[in-house]
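# Structure at a glance
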Amino acid sequence: MPGERFSLLYARPGELSPDSARARHRVGMLFREPTLSGHIEPMAAYFGRNLGIATPGDGKHPSSWHQFVKECRIADFLDTITIVYRFCFWHVGDPTATWWREVVRKIFAEEHLAYEIDDAGGVHPRVDLEFQKNIASALCGLQSGRYQPIRELLERASGHLNADPPNYRQAWRATWSAVDALFQLMFPSAQLTAGEIENRLRPLITQIYEDDALSQRAAFGILTGFQQWTEAAATFRHQPGRPECAQPAADVAVLSISCATALLRWLAGIDEYLKQSAQYPEIDREMQRNS
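Residues numbered from 1 in each chain as written. Predicted model: local features only at pLDDT ≥ 70, side-chain atom pairs only at ≥ 80, totals over all residues. Heavy atoms only, no water.

Among the nonpolar cores identified, the biggest contains 41 residues, and Val-179, Leu-182, Met-186, Phe-187, Leu-201, Phe-226 and Trp-229 are the most heavily contacted of them. Elements with a contribution of two residues or more to this core: helix H9 (148–161), helix H10 (168–186), helix H11 (194–208), helix H12 (213–233) and helix H13 (250–276). Per-element tally for this core: the top contributor is H13, with 12 residues. Aside from chain neighbours lying at most four places away, what touches Phe-226 is Val-179, Leu-192, Ile-197, Leu-201, Leu-263, Trp-266 and Leu-267. With 32 residues, the next largest nonpolar core counts Ile-40, Val-69, Phe-87 and Cys-88 among its residues. (Core = buried A, V, L, I, M, F, W, Y, C linked by side-chain atoms within 4.5 Å. Buried < 20%, exposed > 50% of the residue type's maximum accessible area, 1.4 Å probe, protein only. Helix = DSSP H or I, 4+ residues; strand = E, 2+ residues; numbered from the N terminus. Contact = heavy atoms within 4.5 Å.)

Next up on the list: the pattern of salt bridges. The full count for this structure, using the stated rule, is 13 salt bridges. One salt bridge connects Asp-76 with Arg-73, and the closest N-O pair in it is separated by 3.2 Å. You can call Asp-76 buried: its relative accessible area is 11%. Residue classification places Arg-73 among the exposed residues on the basis of a relative accessible area of 54%. Residues joined in a network through salt bridges with shared partners are Arg-22, Arg-26, Lys-106, Glu-110 and Glu-111. (Salt bridge = Lys/Arg side-chain N within 4 Å of Asp/Glu carboxyl O.)

With that settled, consider the packing of aromatic side chains. Applying the stated criterion across every chain, the model contains 12 aromatic pairs. For the ring pair Phe-47 and Trp-65, a centre distance of 5.2 Å and an interplane angle of 75 degrees mean the geometry is edge-to-face. Taken as a pair, Phe-47 in helix H4 (residues 40–51) and Trp-65 in helix H5 (residues 62–71) lie far apart in primary sequence, 18 residues in all. By relative accessible area, Trp-65 is classed as buried at 0%. The positively charged end of Arg-202 is found above the aromatic ring belonging to Phe-220, 4.4 Å away from the centroid. (Phe/Tyr/Trp six-rings, centres within 6.5 Å; stacked < 30°, edge-to-face > 60°. Lys NZ or Arg CZ within 6 Å of the ring centre and 35° of its normal.)

Take Gln-227: it is sitting in helix H12. Beyond its immediate chain neighbours, meaning those up to four positions away, Gln-227 contacts Ala-194, Ile-197 and Glu-198.

With respect to the helices and strands, the residue Arg-32 is situated in the loop between helix H2 (21–29) and helix H3 (34–37). By relative accessible area, Arg-32 is classed as partly exposed at 42%. Residue contacts for Arg-32: discarding those within four places in its chain leaves Ser-37, Pro-62, Ser-63 and His-66. Of the polar contacts made by the side chain of Arg-32, one reaches the side chain of His-66; its length is 3.3 Å. (Polar contact = N/O pair within 3.5 Å; in protein donor to acceptor, adjacent residues only side chain to side chain.)

The pLDDT averaged across the chain works out to 83; a share of 82% of its residues lies at or above 70. Counted against residues more than four places away or in other chains, residues 279–291, with its pLDDT under 50, gives 22 contacts. (pLDDT = per-residue confidence, 0-100.)

Between its terminal C-alpha atoms H9 stretches 20 Å, which fits the 20 Å expected from 14 residues at 1.5 Å a residue. Three or more residues of H9 are buried, namely Ile-150, Arg-151, Leu-153, Leu-154, Ala-157, Ser-158 and Leu-161. The buried residues of H9 all sit within an arc of 160 degrees when viewed along its axis, so they share a single face. (Expected span 1.5 Å × (residues − 1). Arc of directions from axis to C-beta.)

Let's shift gears to the packing of H12 against H13. Running from amino to carboxyl end, H12 crosses H13 at an angle of 130 degrees, the nearest separation of the two axes being 11 Å. In terms of orientation, H12 lies oblique with respect to H13. When the axes of H12 and H13 are compared, the crossing they make is left-handed. Of the residues in H13, those in contact with Ala-219, Ile-222, Leu-223, Phe-226 and Trp-229 of H12 are Ser-256, Cys-259, Ala-260, Leu-263, Trp-266 and Leu-267. (Axes fitted to C-alpha atoms, helices over the stretch in contact; angles between N-to-C directions. Parallel < 35°, antiparallel > 145°, perpendicular 65-115°, else oblique. Left-handed = near helix turned anticlockwise from the far one by under 90°.)

Looking at where Glu-198 falls in the secondary structure, it is placed in helix H11. A relative accessible area of 26% means that Glu-198 is categorised as partly exposed. Taking the C-alpha atoms as reference, Glu-198 lies 9.6 Å from Phe-226; in sequence the two are 28 residues apart. Among all residues touching Glu-198, those that are not within four sequence positions of it are Pro-203, Leu-223 and Gln-227.

With a relative accessible area of 0%, Phe-47 lands in the buried category. Sequence spacing of Phe-47 and Phe-87 is 40 residues, and the spatial spacing of their C-alpha atoms is 8.2 Å. Setting aside residues up to four positions removed in sequence, Phe-47 forms contacts with Gly-52, Ile-53, Thr-55, Trp-65, Phe-68, Thr-80 and Ile-83.

Written as C-alpha cells, this is what we have:
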C-alpha cells in the first residue's frame, strides 16, 4: 500500500502478541487527546466504581491515565478499553465512544496484539473469537439434553482458551473429550480409535450417502481425516504414569480445536440418523442394551 509505514508492511511479527509496551503507550496517549481530556475526572470516578481500581493521582490528569495504562496488569489494561468505551457511550456520546473503539482497534491491529474488540467495546482473544464462531455453530446441533455433557466439555475448552495465558493443551484435551463422549454416546461399546472409526462409521456413510456418489466419496475422505485427527490429538492426551507433555503450538491447537467442532456437527447429524433410522438394527439394539 503506497505511503504505509515500513514496519507494518515488512516487519510484522510472525505470531500475535499477548501484550505490547508500544500499544500501551499509544493507548495511554489517547487520554491527552481533546476528545477525552475534558472528561478525565468523571471518567476516573466511573472507572473506580466499576473496576475497583484507583488510577494514579485519582485520575485527575491525562498523565495519570497514561502511567496507569503503561504499568497495570494486562487484564486491567484490557478492562480499561471496555470501561472507557462504556463511560463514553453513556456519559459523553456515541461519536466519542465510536472514536475510542476504532482508534484502539487500529492500535491493536498495528501492534499485532492477540485481541479483537467487539462493537460494544468488549475485548476478546483473537484465537478465542474464531473458536467461538466454530463452537457456536457446533452447539446449534447439540441442543438436546442428550448432548449436555458434550456442551459442558466444549465450554470447558473455551474457558481454557480464555485463561491468561491461554492453556492450549487443556483446551485441546477438553475438545478431544467432547468428541470422545459423542462417539461413545453413538457407539457405547467403542473406543475413539482410528480402527473403531473405520468399523463404525464407514458402513453408516455408505448407507447415508448411497444415492449420492460424490458426497459419499467426500465423506470417506472426511472419515480418513477424522482418523488422522484422532491420532494427532492423542499426542497431547495425558497418559497416567507419564510426565506431562509440553504445551502445543497455538496455531496447531487452534486448528485441531476448529476441526473438532466441525467433526462434532457432522457426528451429531449421523447420531440423528442412527436414532431415526430403522435400517441399522444391530447398532440400534446395541444402543438400547446400553441405554
